[in-house]
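Take a look at the letters that make up each chain.
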Amino acid sequence: MSAEITAAGAAANGAGVIHDIGYQAYDGPRLGRAQIMLALGWHSLKSAFGIGRGAKAKIVPVFTFAVMCAPAVVNAIQLAVTGTHTRVVPYDTYRPVALRVLVLLIFLAAQAPEVVSRDLRSHVLPLYFARPIRRADYPLAKLAAFVAACLVLIEVPLLVLYVGTVTQVRTGSAVWSETRALIPGLLLGAAWAAVAAALGLLFASFSSRRAYATGSVAIFFFLTWTLALLLTSIGEHAFGPGLQQPSALARLAGLISPFTALDGMRQWLGGTSPGPVPDPGGYGALYGIAVLAFLLAGAGGLLLRYRKVGVA
Amino acid sequence: MTRLFNPVVFLVTLRATLGRRQALLLALPALILIGVAALLTATAHSPVWPPEFLGVFGFTVVLPLTALIIGTSVLGAEIDDGSVVHLLATPVPRLAVTVSKFSVAVVLTVVFGAVPEYLAGVIATGATSRLTLGLLAGAAVAAVVYNALFVMLSALTTRAIAFGLLYLLVWEGLLANLVAGARLLSAGQYSLSVANAIAHNSSLNAHLTLGTAAVMGCVVTVAALALGARRLSKFSLKGEAA
């Protein structure tokens with residue numbers, strides 16, 4: 001343990017860092033941790049969208065992004081053609097919700113392994129850790145990059161939706177009310193991106209084989225999402241005293257999946273659009289805790305994962 | 001028999017698939033299925049949930065995902081690490097390789113998917129109810145058709161899991177629910193329709209007659225296996241997809 005600390009201290013001072021890996025001599029200026037993390041994050045963000053790689057690597061990110069934008073585009077066309085000024089897609093739930101979840105799921109399953117599994121597979125981690133970065137820097141840079149990638153996927157369609165609506169309204173007060181409706185949508189989208197990216201990377205980082213990494217990410221998100229919806233539906237009609245009151249099962253089933261937990265949190269925080277889960281009512285705070293727990297489990301698990309990853 | 005099936009390939013594949021660490025994960029969806037069924041049996045007031053839960057969760061999540069992992073790894077894992085050349089260098093016909101590996105996938109999917117589905121049905125409605133027997137038959141059909149498709153996929157592409165997943169989510173999950181024509185080409189509908197032919201339960205959401213489902217299921221299975229074997233017979237080893 002003490003050897004590890006001195007090694008890290010030495011690394012921070014620039015001593016004990018292997019620069020010459022027997023490949024190419026270099027005696028110019030050396031940049032520090034911050035620049036390394038920045039470069040690593042920027043590279044990971046690009047690889048999340050297949051930029052800098054072949055056309056085959058771009059199929060899934062481009063396809064998912066286009067499908068995610070579809071409701072916003074449909075909204076813009078509908079407003080422009082019919083001349084109405086009422087937005088047809090809400091900012092906070094971005095209906096159809098199943099579309100957002102499905103598209104995000106495919107993106108996570110296909111691209112999270114791109115970000116972390118390739119480094120594991122090609123055994124380059126020892127090279128990264130021979131540089132003056134600390135253990136936590138690598139997963140943090142990867143996480144930041146993948147959260148940014150999910151933000152692009154989630155927030156850009158919202159902005160398209162906003163622009164498509166605002167260009168059709170006439171009065172300034174209408175623009176202001178659109179803007180006020182957009183802000184919670186953007187904040188909620190950020191929560192989606194953070195939770196999805198953290199959990200996606202955690203599951204992807206367990207396997208160096210891309211196939212298994214894809215499989216485990218998809219199984220986790222798809223299984224929990226289906227189970228949560230199904231138990232909600234069963235709880236609504238097979239439990240409870242009356243038809244009007246959703247039973248405790250219907251109110252609690254959403255805690256199983258990160259996506260339904262996010263939706264429950266939205267309703268707890270005051271969201272009124274109908275979502276995939278019913279209003280959690282008195283259980284609302286549980287949904288806030290669940291989202292926080294998913295986020296901490298994902299990010300914390302990722303940090304722990306890279307504390308003991310093989311460097312030999 | 002040897003032109004179609006090779007017991008040695010069967011046993012070696014069975015050992016290799018079960019020997020991996022990931023094999024333990026296969027039991028996880030099945031355990032969740034049984035556990036939730038037991039919980040609901042203990043607490044639900046209404047008897048209408050078994051077909052909905054076992055039909056939807058079992059036939060759109062547990063069975064396809066189990067088949068996806070198993071079906072793509074029986075052949076795909078060997079192609080992935082290159083050791084398949086040793087197998088292909090033996091004088092075993094490629095059709096026999098394909099069918100033997102497919103049989104392993106079916107057996108394992110029945111163990112990890114269809115049997116748990118049956119057990120969940122037993123917990124929910126009893127061992128000899130029509131629903132339980134229907135679910136078992138439907139699950140066996142699902143194991144056969146899905147695995148034929150996934151074995152074919154892993155012979156066609158090095159990214160079989162990704163494409164298999166895309167197929168499950170987009171085709172089976174979305175289109176087969178929205179577009180009536182897609183149901184005729186949906187493995188999920190074949191299995192649900194076979195289950196429905198025994199169980200006669202509209203909550204299973206089956207839309208094909210038994211005859212259509214059986215004929216189409218056989219056609220798809222045979223065609224997928226033939227295509228997979230054909231691809232394998234002109235197999236050339238490539239590195240990992242860039």
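Look up: the structure comes first, before these words.
Residues numbered from 1 in each chain as written. Chains lettered and ligands numbered in written order. Predicted model: local features only at pLDDT ≥ 70, side-chain atom pairs only at ≥ 80, totals over all residues. Heavy atoms only, no water.

Overview of the overall build of chain B
Part 1: Per the secondary structure count, chain B includes 9 helices and 0 strands.
Part 2: Helices and strands in chain B line up, N terminus first, as α-α-α-α-α-α-α-α-α.
Part 3: Against the globule reference of 18 Å for 242 residues, chain B gives a C-alpha radius of gyration of 18 Å, in line with a compact fold.
Part 4: Across its three principal directions, the C-alpha atoms of chain B cover 60 × 40 × 40 Å.
Part 5: Residues classed as buried in chain B amount to 52% of the 242 residues present.
Part 6: Expressed as a percentage of contacts within chain B between residues at least 6 apart in sequence, the contacts between residues at least 24 apart total 74%.
Part 7: When the accessible surface of chain B is split by element, carbon and sulfur atoms take 71% of a total near 10400 Å². (Helix = DSSP H or I, 4+ residues; strand = E, 2+ residues; numbered from the N terminus. Rg over C-alpha atoms; globule rule 2.2 N^0.38 Å. Buried < 20%, exposed > 50% of the residue type's maximum accessible area, 1.4 Å probe, protein only. Contact = heavy atoms within 4.5 Å. Areas by Shrake-Rupley, 256 points an atom, 1.4 Å probe, with all protein chains shown as cover.)

Remarks on helix H2 (residues 33-48) of chain A
All names here are of chain A.
Part 1: The terminal C-alpha atoms of H2 lie 22 Å apart, and with 16 residues this matches the ideal 22 Å at 1.5 Å per residue to within 8%.
Part 2: The set of residues buried in H2 consists of Ile36, Leu40, Gly41, Ser44, Leu45, Ser47 and Ala48. On an axial view of H2, the arc spanned by its buried residues comes to 165°, and they lie on one face. Exposed and facing more than 90 degrees away from the buried side of H2 are Ala34, Leu38 and Trp42. (Expected span 1.5 Å × (residues − 1). Arc of directions from axis to C-beta.)

Points about the pattern of salt bridges
Part 1: For the structure shown, the criterion picks out 11 salt bridges over all chains.
Part 2: Residue Arg266 of chain A is joined to Asp92 of chain A by a salt bridge in which the shortest nitrogen-to-oxygen separation is 3.4 Å. Remark: Asp92 of chain A occurs in the loop between helix H3 (59-82) and helix H4 (97-121) and Arg266 of chain A occurs in helix H10 (residues 258-268); sequence separation between them is 174 residues.
Part 3: Residue class for Asp92 of chain A comes out buried when judged on its relative accessible area of 16%.
Part 4: Lys101 of chain B is the partner of Glu78 of chain B in a salt bridge, and the nearest nitrogen-oxygen pair spans 2.4 Å. Linking Glu78 of chain B in helix H3 (residues 49-81) with Lys101 of chain B in helix H5 (residues 94-125), this pair joins segments that are 23 residues apart in sequence.
Part 5: On the accessibility criterion, Lys101 of chain B (1% relative accessible area) is buried.
Part 6: What you see here is one network of salt bridges that share partners, running through Arg53, Glu114 and Arg210 of chain A together with Arg159 of chain B. (Salt bridge = Lys/Arg side-chain N within 4 Å of Asp/Glu carboxyl O.)

Points about the interface of chain B and chain A
Part 1: Counting residues at the interface gives 34 residues for chain B and 30 residues for chain A.
Part 2: Summing both sides of the interface, chain B and chain A together bury roughly 3000 Å²; the carbon and sulfur share of this comes to 74%.
Part 3: Our enumeration of links across chain B and chain A arrives at 3 salt bridges.
Part 4: Across the pair Arg159 of chain B and Glu114 of chain A runs a salt bridge, and its minimum N-O distance is 4.0 Å.
Part 5: One can count 2 residue pairs in polar contact (both at pLDDT 80 or more) joining chain B with chain A.
Part 6: Among the elements of the structure, helix H2 (23-43), H3 and helix H7 (160-178) of chain B are those that each provide at least two residues to the side of chain B that touches chain A.
Part 7: Among the elements that line the side of chain B that touches chain A, the one with the most residues is H3 of chain B, at 12 residues.
Part 8: The residue makeup of the side of chain B that touches chain A, split by class, is 23 nonpolar, 6 polar and 5 charged. (Buried area = accessible area lost by both parts, 1.4 Å probe. Polar contact = N/O pair within 3.5 Å; in protein donor to acceptor, adjacent residues only side chain to side chain. Nonpolar A, V, L, I, M, F, W, Y, C, P; charged D, E, K, R; others polar.)

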